[in-house]
Amino acid sequence: MTIEIVPSWMLNLDDEDVSFIKKFILSSGSLKEIAHQYGVTYPTVRLRLDKLIQKIQVNEDTANEPFIALIKRLAINEKIELETAKVLISEYKKQIGGK
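Summed over all chains, the structure comprises 2 aromatic pairs. Measuring from centroid to centroid gives 6.1 Å for Phe20 and Tyr38, while their planes differ by 25 degrees, and the two rings are stacked. Of this pair, Phe20 sits in helix 2 (residues 15–26) while Tyr38 sits in helix 3 (residues 31–38); the two residues are 18 residues apart in sequence, bridging distant segments of the chain. What makes Tyr38 partly exposed here is its relative accessible area of 35%. Taking the centre distance of 4.7 Å and the plane angle of 40 degrees together, the rings of Phe67 and Tyr92 count as tilted. Separated by 25 residues along the polypeptide, Phe67 in helix 5 (residues 66–76) and Tyr92 in helix 6 (residues 82–95) bring together distant segments of the chain. Residue Phe67 is classed as partly exposed on the basis of its relative accessible area of 33%. The side chain of Lys23 reaches across the aromatic face of Tyr38, ending 4.3 Å from its centre.

Now the structure itself:
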C-alpha cells in the first residue's frame, strides 16, 4: 500500500498497533486467539483493543483540532494524566473561543 492511500487514522498508529491489527484480522477477530498468541489474558487483550479503538476515534473526532488530538493521544498512551489532558483541552478551548 502506498503512503498516498493509507488512511489518516492509520498514520497515527505505531508499529505495535499495526501488528495488533494484523493479528486481529488474521485470527478472524478472536480475542481469545490473540491472547494465546501474545501469552496474556483475554482482559489484557480487550484493554489493548479498547485503547486502539480510542486512538482511532481520537483521530476521527478531532481531525480539525490537531492540538486536541495530540493531547488526547498523550492521555491514551499514558504519557500525561487524564485530568491534566482535560485541563489542557479546556484551557485551549477557552483560548480559541469555546469551539
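Additional details are given in the paragraphs that follow.
The subject of this paragraph is helix 5. Looking at helix 5, one finds that the buried residues are Ile68, Ala69, Ile71, Ala75 and Ile76. Summarising the axial view, the buried residues of helix 5 lie within an arc of 165 degrees, below the 170-degree limit, and thus occupy one face. Just beyond helix 5, the residue with positive phi is Glu78, at close to 60 degrees.

The subject of this paragraph is the pattern of salt bridges. Scanning the entire structure with this criterion turns up 8 salt bridges. Its salt-bridge partner being Glu78, residue Lys51 comes within 2.7 Å of it at the nearest N-O pair. In this pair, Lys51 sits in helix 4 (residues 42–61) while Glu78 sits in the loop between helix 5 and helix 6, placing the two residues 27 residues apart along the sequence. Between Glu83 and Lys86 there is a salt bridge, with the nearest N and O atoms lying 3.5 Å from each other. Of the two residues, Glu83 and Lys86 both sit in helix 6, 3 residues apart, roughly one turn of that helix. Each of Asp14, Glu16, Asp17, Arg48 and Lys55 takes part in salt bridges that share partners, so that together they form one network.

The rules behind each value
Throughout this document, residue positions are counted from 1 along each chain, in the order its sequence is written. A pLDDT threshold of at least 70 governs which residues receive local features in this predicted model, and a stricter bar of 80 or more applies before side-chain atom pairs are shown or counted, although totals over entire chains, interfaces and linings include all residues. Processing note: side-chain calculations cover all non-hydrogen atoms of the structure and skip hydrogens and water entirely. Side-chain rings of Phe, Tyr and Trp (the six-membered ring for Trp) are treated as a pair once their centres are within 6.5 Å; stacked means planes under 30 degrees apart, edge-to-face means over 60, and tilted covers the remaining angles. Secondary structure elements are taken from DSSP: a helix is a run of H or I of four residues or more, a strand is a run of E of two residues or more, and numbering for both begins at the N terminus. Only protein chains enter the calculation, and the probe is 1.4 Å; a residue is then buried if its accessible area is under 20% of its type maximum, exposed if over 50%, and partly exposed in between. A ring has a charge above it when a Lys NZ or an Arg CZ is no more than 6 Å from the ring centre and no more than 35 degrees off the ring normal. By construction, the arc corresponds to the directions joining the helix axis to the C-beta atoms. For this analysis, a salt bridge means a side-chain nitrogen from Lys or Arg found within 4 Å of a carboxyl oxygen belonging to Asp or Glu.

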